[in-house]
Amino acid sequence: MGFIIKLILTGVAAAIAAYILPGVTIDGIGTAILLALVLGILNAIVKPILIVLSLPITIITLGLFLLVINALIILLADYILSGFSVDGFIWALIFSFVLSILTSIVDMITK
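The rules behind each value
Residues numbered from 1 in each chain as written. Predicted model: local features only at pLDDT ≥ 70, side-chain atom pairs only at ≥ 80, totals over all residues. Heavy atoms only, no water. Helix = DSSP H or I, 4+ residues; strand = E, 2+ residues; numbered from the N terminus. Buried < 20%, exposed > 50% of the residue type's maximum accessible area, 1.4 Å probe, protein only. UniProt positions renumbered as here; feature names shortened; annotations may be inferred. Core = buried A, V, L, I, M, F, W, Y, C linked by side-chain atoms within 4.5 Å. Contact = heavy atoms within 4.5 Å.

Colleague: Looking at this structure, how should I read the environment of proline 48?
Modeller: Looking at the element boundaries, proline 48 is found in helix α2 (residues 29-53). By relative accessible area, which is 38% here, proline 48 ends up partly exposed. C-alpha of proline 48 to C-alpha of serine 100: the two residues are 52 residues apart in sequence and 17 Å apart in space.

The structure is reproduced here in C-alpha cells:
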C-alpha cells in the first residue's frame with residue numbers, strides 16, 4: 001500500500017513541477033502517475049548502468065555529473081511517454097532538480 005501512495009504522491013509532485021516550469025508539459029494526472037512509474041523503472045534499470053559507465057567523470061566532477069544522468073533519464077522518459085514532453089536538456093535538468101526537491105519534501109512528510 002505504501003508503494004501506491006508514494007507513486008501517487010510522486011505523480012502529483014511531477015504534475016506540480018510541470019505546472020511550475022514552462023518547458024515541461026504533462027497531459028493530466030494519469031500521465032503524471034504513469035511518469036512516476038516510468039521514472040521509477042528507469043531509475044532502477046538504466047541509471048545504475050549509466051553511473052557505472054560514467055564513474056570516472058562522476059568522480060572528477062565530485063558527483064555533479066549525476067545531475068546530467070538524471071536529466072538524461074527525464075529525456076528518456078519523454079521519449080517513452082506520449083503525454084509527457086520536455087523542451088530540451090536544460091528543461092530536463094531543471095525538472096529533475098525541482099522533482100527531486102518535491103519528492104524529498106513528500107518523503108519527509110510521509111515518514
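Colleague: Hey, could you run me through unusual backbone geometry in this one?
Modeller: In this structure, leucine 62 is a non-glycine residue whose phi angle is positive, near 60°. Along the polypeptide, leucine 62 turns up in the loop between α3 (55-60) and α4 (65-80). What makes leucine 62 exposed here is its relative accessible area of 77%.

Colleague: How do you make sense of the UniProt feature "transmembrane region" (unreviewed entry) in the chain when you look at a structure like this?
Modeller: The residues that UniProt annotates with the feature "transmembrane region" (unreviewed entry) are residues 28-46, 53-77 and 89-109. The span residues 28-46 is 95% helical and 0% strand by assignment, and the distance between its end C-alpha atoms comes to 25 Å. In the segment residues 89-109, helix accounts for 100% and strand for 0%; the C-alpha atoms at its two ends are 30 Å apart.

Colleague: Any chance you could explain the nonpolar core here in plain terms?
Modeller: Here is a general trend for soluble globular proteins: nonpolar side chains tend to be buried in one another's company. Formed by 23 residues in total, the largest nonpolar core has its most connected members in Leu35, Phe84 and Phe95. Secondary structure elements with two or more residues in this core: α1 (2-20), β1 (24-26), α2, α4, β2 (84-86) and α5 (89-110). A total of five residues in this core trace back to one element, the largest contributor, which is α2. Beyond its immediate chain neighbours, meaning those up to four positions away, phenylalanine 95 contacts Ala14, Ala17, Ala18, Leu21, Val24, Leu35, Ile74 and Phe84.

Colleague: What's the story with the environment of isoleucine 69 in this structure? I'm lost.
Modeller: Relative to the helices and strands, isoleucine 69 is located in helix α4. Residue class for isoleucine 69 comes out buried when judged on its relative accessible area of 1%. Distance from isoleucine 69 to glycine 40, taken between C-alpha atoms, is 14 Å for residues 29 residues apart in sequence. Sequence-distant contacts of isoleucine 69, that is, excluding residues within four places in its chain, are made with Lys47, Leu50, Ile51 and Ser54.

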